[in-house]
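# Fold and geometry: a report
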Amino acid sequence: MLKSGHTDTFARDNLPPQEQWPDFRFTLPGLQYPERLNCAVELLDKWVEQGKGDRVLMHTPDGKITYADFQATVNRICNVLTRRLGLVPGGRVLLRSANNPMMVATYFAVLKAGGVVVATMPLLRAKELAYPVQKAQIALALCDVRLAEEMEKAKTMAPELQRVVYWGGGDDSLEAMMADEPDTFEACDTASDDVCLIGFTSGTTGVPKGTMHFHRDMMAICDAYAMNVLRPVEDDIFIGSPPLAFTFGLGGLVLFPMRVGASTVLLEAAPPDKLLAAIKEYKATVSFTAPTAYRAMLDMLQPGDIDSLRKCVSAGEALPKATWDAWHEATGMKLLDGIGATELLHIFIGCPEETLRPGATGKPVPGYEAKVIDDHGNDVLPGTIGRLAVRGPTGCRYLADDRQKDYVLNGWNVTGDAYMMDEDGYFWYQARSDDMIISSGYNIAGPEVEGALLTHPAVAFCGVVGSPDPDRGQIVKAYVQLKEGVSPSPELAAELQTHVKNEVAPYKYPRAVVFVDTLPRTETGKLRRVELRERAQQEAARDAANDAPQSKAG
Ligand code: 3UK
């Protein structure tokens, strides 16, 4: 490892042992970074130095923020952090805010000062904030004052947290401190392999894991995925919904635009209707959001709404072919599917428009390699379903966590997804490996059944899980949210079952169909399958107690 620029060595000390690291690959031209590297300098200061400080970085409801304005704000925060709040290189800083300019400014200030960012989702409760504070031993937090309540509670739960500074008003606010500080700051001389970000996974199953990323990793996702697949230009205006604490949002809404000197629109809350309105208002050209958001926007589209858009990235969960087709038909645009993971920081499989295949996730992003392996770690033949394994310039390094050994096998990152690679090298998503439904000895992937249901005109959204069944082990159970104006009925349920039988192998059809008003989703846009499975389990137990057959088609 290179000579660290950190004086607080906690992050480096808590990296996994080197033999448990994935193999990192830097063969792609453009991924060889200098030994001394601070990503904030590369992504921000460089533009001002090159005389492009007047370019617009952010479009906000209150006006535009240029790269130079933003740099001055970042520098003031750097001075507050290092001169008044005791931040030393390597110190962790928790950030808590919705997506807005101050969130990004504090983020970049921590990076530039050589600190380690721990960004958190706005909806987290005190207990969920206390966990990363303790795990990453965080002494300082910067927080939007509107989110103070849970932050203060977290502070009482985690004594490690010595100080919380709020922005957004008050005599002792961050802005008040900034006002007295100069707008220049010399960036910390960090090594390219110094940790700059600990991204916690959402932890829908088990305790969240802290994924550690280096300064060079922040550059690598720009130079691998963004430069080769997305290919933005400096006139692009990025927009989207994912929180910046979710690395899908960090890359898509901050790092990628800044890598090319483009601009971004940050929305504090971006449900599909708001996102659509903002695309129109700001004439955005590149959008980042979840598959279901594209599907939801389709129903609201008015002519001319999204004429400015030229690229639409979908990630976070599988993009059903039905959604791809419908978007293409309505807009003429090809959705760019891509699978990413917090462990790998961003997207590692995904194709540009010319080479993508609707329904497939795509091919490995230049710089990454991917393959499908069996339970023993051996490669399987094309056409066979197995576990996805990937390696490249970024990869899994958990903060002091035994689960490192589960994610990294023989130098490959094993993401927990069941995939099939075809003869042409395209990767086809099946399901999360532990989400496969086993019914009467058949393996059935829930997302495939969902994909079939979504081609029925009455279906808005759906989730398909296995439900315990005394005869078959599990049966396929579908939770279906109907389009507005469509009423649920046993006849419609039967029709959906027949529809699925016509679309995919008949044994995959949902033997139980339940109509719901909404489906449970995470803040990152993923269907909460765990919750649906629990619900299915309860319903099965209830039906068994009533000695009635499992509620079929109702
Ligand atoms: C699933 C997908 C099918 C898959 C993420 C883009 O989602 C991101 O990170 P997370 O750690 O979850 C990772 C898991 O999510 N997934 C993501 N994208 C797809 N499944 N098709 C897709 N296109 O199970 C993966 O293992 O929350 C996505 C960029 C950065 C990210 N962190």
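This structure is a prediction, so every number in the text was calculated from the model and none was measured.

What follows covers the nonpolar core. Phe70, Tyr107, Phe108, Met218, Leu255 and Phe256 are the most contacted members of the largest nonpolar core, which totals 118 residues. Broken down by element, the residue count for this core peaks at 10 residues, all from helix α8 (residues 215-230). Every residue in contact with Leu255, bar those within four places of it in the chain, is listed here: Leu43, Phe108, Met218, Ile221, Cys222 and Leu250.

At their nearest, the axes of helix α4 (residues 101-112) and helix α9 (residues 247-259) sit 13 Å apart, and the two run at 65 degrees to each other. Between α4 and α9 lies a crossing of right-handed hand. The segment α4 lies against α9, with Val104, Tyr107 and Phe108 engaging Leu250, Val254, Leu255 and Met258. Its residues assigned to classes, the contact of α4 with α9 comprises seven nonpolar, no polar and no charged.

With that settled, consider the environment of Pro366. Structurally, Pro366 can be placed in the loop between β15 (347-349) and β16 (369-373). Residues Pro366 and Asn228, spaced 138 residues apart in sequence, show a C-alpha to C-alpha distance of 6.7 Å. For Pro366, the residues in contact, after removing those within four places along its chain, are Leu28, Ala224, Asn228 and Val229.

Attention now moves to the sheet that holds strand β9 (residues 237-240). Within a sheet, neighbouring strands are paired by backbone hydrogen bonds and run either parallel or antiparallel to one another. Ordered in space as β2-β1-β10-β9-β11-β12-β13, the seven strands form an open sheet in which the pairing is mixed. Each end of this open sheet is capped by a strand with a single partner; those strands are β2 (63-66) and β13 (336-337). In terms of strand pairing, strand β1 (residues 56-60) meets β2 through four bridges, oriented antiparallel. Considered in β2, the bridge of Thr60 is made with Gly63. Helix-sheet contacts for helix α10 (residues 272-282) involve β1, β9, β10 (263-265) and β11 (286-289), and the interaxial angle to β9 is about 170 degrees.

The next subject is empty space enclosed by the protein. Empty space among the atoms becomes visible once a probe the size of a water molecule is rolled across them. Tallied over the full model, the rule gives two cavities of 30 Å³ or more. Here the largest cavity is characterised by a volume of approximately 60 Å³. Every residue along the wall of the largest cavity is listed here: Leu319, Trp324, Leu335, Asp337, Cys351, Leu356, Arg357, Pro358, Gly359, Ala360 and Thr361. Here the lining of the largest cavity is built from residues that sort into seven nonpolar, two polar and two charged. Approximately 40 Å³ is the volume attributed to the second largest cavity. Considering the residues around the second largest cavity, the lining is formed by Tyr107, Ala119, Leu197, Ile198, Gly199, Leu244, Ala245, Thr247 and Leu250. Broken down by secondary-structure element, the contributors of at least two residues to the lining of the second largest cavity are β7 (195-200) and α9. A total of three residues in the lining of the second largest cavity trace back to one element, the largest contributor, which is β7. Classifying every residue of the lining of the second largest cavity by side-chain character gives seven nonpolar, two polar and no charged.

So, on to the pairing of strand β6 (residues 163-167). Burial within β6 is extensive, with four of its five residues counted as buried. Relative to β6, strand β5 (residues 140-144) runs parallel, the two sharing five bridges. Residue pairing for β6: Leu140 is matched across the bridge by Arg163.

Now for the site of the ligand. Not every one of the 21 residues close to the ligand is listed here, only the nearest: Asp337, Gly338, Thr342, Asp417 and Lys526. Thr342 places a side-chain nitrogen or oxygen 2.6 Å from an oxygen atom of the ligand. Note that an oxygen atom of the ligand is positioned 2.8 Å from one of the side-chain N or O atoms of Lys526. In the complex, 93% of the free accessible area of the ligand, which totals 610 Å², lies under the protein chains.

This part is about unusual backbone geometry. One non-glycine residue, Gln137, adopts positive backbone phi at about 45 degrees. For Gln137, the position within the fold is in the loop between α5 (126-135) and β5. On the accessibility criterion, Gln137 (45% relative accessible area) is partly exposed. Despite not being glycine, Leu345 has its phi angle at roughly 75 degrees, a positive value. The exposure class of Leu345 is buried, given its relative accessible area of 0%.

Definitions and limits used
Every chain's residues receive numbers from 1 upward, in the order its sequence appears when written. Totals for whole chains, interfaces and linings use all residues, but because this is a predicted model, local features are given only for residues with pLDDT of at least 70 and pairs of side-chain atoms are given and counted only at 80 or more. For side-chain calculations, the full set of non-hydrogen atoms in the structure is used, while hydrogens and water are omitted. Nine residue types can take part in a nonpolar core, namely buried Ala, Val, Leu, Ile, Met, Phe, Trp, Tyr and Cys, and a core is a set of them joined through side-chain atoms within 4.5 Å. The classification of residues rests on relative accessible area computed with a 1.4 Å probe and restricted to protein chains. Under 20% of the type maximum is buried, over 50% is exposed, and intermediate values are partly exposed. We count a stretch as a helix when DSSP gives it H or I for four or more residues in a row; a strand needs E for two or more, and each element gets its number in order from the N terminus. Residues are treated as being in contact if the distance between any of their heavy atoms lies within 4.5 Å. Lines fitted to C-alpha atoms define the axes, with helix axes restricted to the stretch in contact, and inter-axis angles between N-to-C directions lie between 0 and 180 degrees. Here a crossing is taken to be left-handed if its near helix is turned anticlockwise relative to the far helix by less than a right angle, and right-handed if that turn runs clockwise. When residue character is reported, Ala, Val, Leu, Ile, Met, Phe, Trp, Tyr, Cys and Pro are called nonpolar, Asp, Glu, Lys and Arg charged, and the others, Gly included, polar. Pairing between strands is defined by DSSP: at least two bridges between them are needed. The definitions used throughout rest on a 1 Å grid laid over the protein atoms alone, on which a cavity is an enclosed set of points accommodating a 1.4 Å probe that cannot get out and a pocket is an open set flanked by protein within 12 Å on both sides along at least five of seven lines; lining residues are those having an atom within 4 Å of a point. Grid points are joined across faces, edges and corners, and a volume is the space filled by probe spheres set on the points. If a single non-hydrogen atom of a residue is within 4 Å of a molecule or strand, that residue counts as near it. Here a polar contact is recorded for every N or O atom pair within 3.5 Å, except that within protein the pair must consist of a potential hydrogen donor and a potential acceptor, and residues adjacent in sequence are included only if both atoms are side-chain atoms. Residue-level accessible areas treat just the shown protein chains as cover; the underlying method is Shrake-Rupley with a 1.4 Å probe.

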